[in-house]
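# Coordinate inspection notes
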Amino acid sequence: MLEIVRFLNEKNSPFVDNIYPFLNLYQNPDFPIDFAFLDDHGESIEDDGIEYSNVFDANLDTLVWA
């Protein structure tokens, strides 16, 4: 990952990631539908003391930590 970021930085290129939260709905029929939307109406999920109200926030956190 660091090599990719360094390369992009050297070339003055942006780092772009497509976080598509709806893929989870298609891949897992038991995935909670409300968690895929950004309206905060679904149940939150806690992971190691961090609470996520939607899958977009969880995926963004995963990207940042990567």
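Everything here concerns the structure above.
Described in the following lines is the structure provided in the data block. (Residues numbered from 1 in each chain as written. Predicted model: local features only at pLDDT ≥ 70, side-chain atom pairs only at ≥ 80, totals over all residues. Heavy atoms only, no water.)

## Let's talk about a negative patch on the surface
Put simply, the test is: Like charges within 9 Å and nonpolar side chains (Val, Leu, Ile, Met, Phe, Trp, Tyr) within 5 Å are joined into patches, using only residues over 30% in relative accessible area that form no salt bridge. Each accessible area value is a Shrake-Rupley result obtained with a 1.4 Å probe; residue values ignore everything except the protein chains displayed when judging cover. Any Lys or Arg side-chain nitrogen found within 4 Å of a carboxyl oxygen on Asp or Glu counts as a salt bridge. Charged residues are defined narrowly, with Lys and Arg counted positive, Asp and Glu counted negative, and His plus the chain ends left uncounted. Charged side chains are reduced to one point each, which is NZ for Lys, CZ for Arg, CG for Asp and CD for Glu. Labels follow the DSSP assignment, with helices taken as runs of H or I lasting at least four residues and strands as runs of E lasting at least two, numbered in each case from the N terminus.
Taken together, Glu-46, Asp-47, Asp-48 and Glu-51 make up a surface patch of like negative charges. Note that Glu-46 resides in strand 1 (residues 45-47).

## Overview of the nonpolar core
Selection rule: Nine residue types can take part in a nonpolar core, namely buried Ala, Val, Leu, Ile, Met, Phe, Trp, Tyr and Cys, and a core is a set of them joined through side-chain atoms within 4.5 Å. Three exposure classes are used, based on accessible area relative to the maximum for each residue type with a 1.4 Å probe and protein chains only: buried under 20%, partly exposed in between, and exposed over 50%. Contacts are assigned to residue pairs with any non-hydrogen atoms lying within 4.5 Å of each other.
In terms of nonpolar packing, the biggest core is built from 6 residues, these being Phe-31, Phe-35, Ala-36, Tyr-52, Val-55 and Ala-58. Setting aside residues no more than four positions away along its own chain, Phe-35 makes contact with Glu-43, Ile-45, Tyr-52, Ser-53, Asn-54 and Val-55.

## Points about a nonpolar patch on the surface
A contiguous nonpolar patch, built from Met-1, Ile-4, Val-5 and Phe-15 and spanning about 370 Å² of accessible area, is present on the exposed surface. Mapped onto the elements of the fold, Ile-4 is located in helix 1 (residues 2-10). Note on Ile-4: relative accessible area 47%, which makes it partly exposed.

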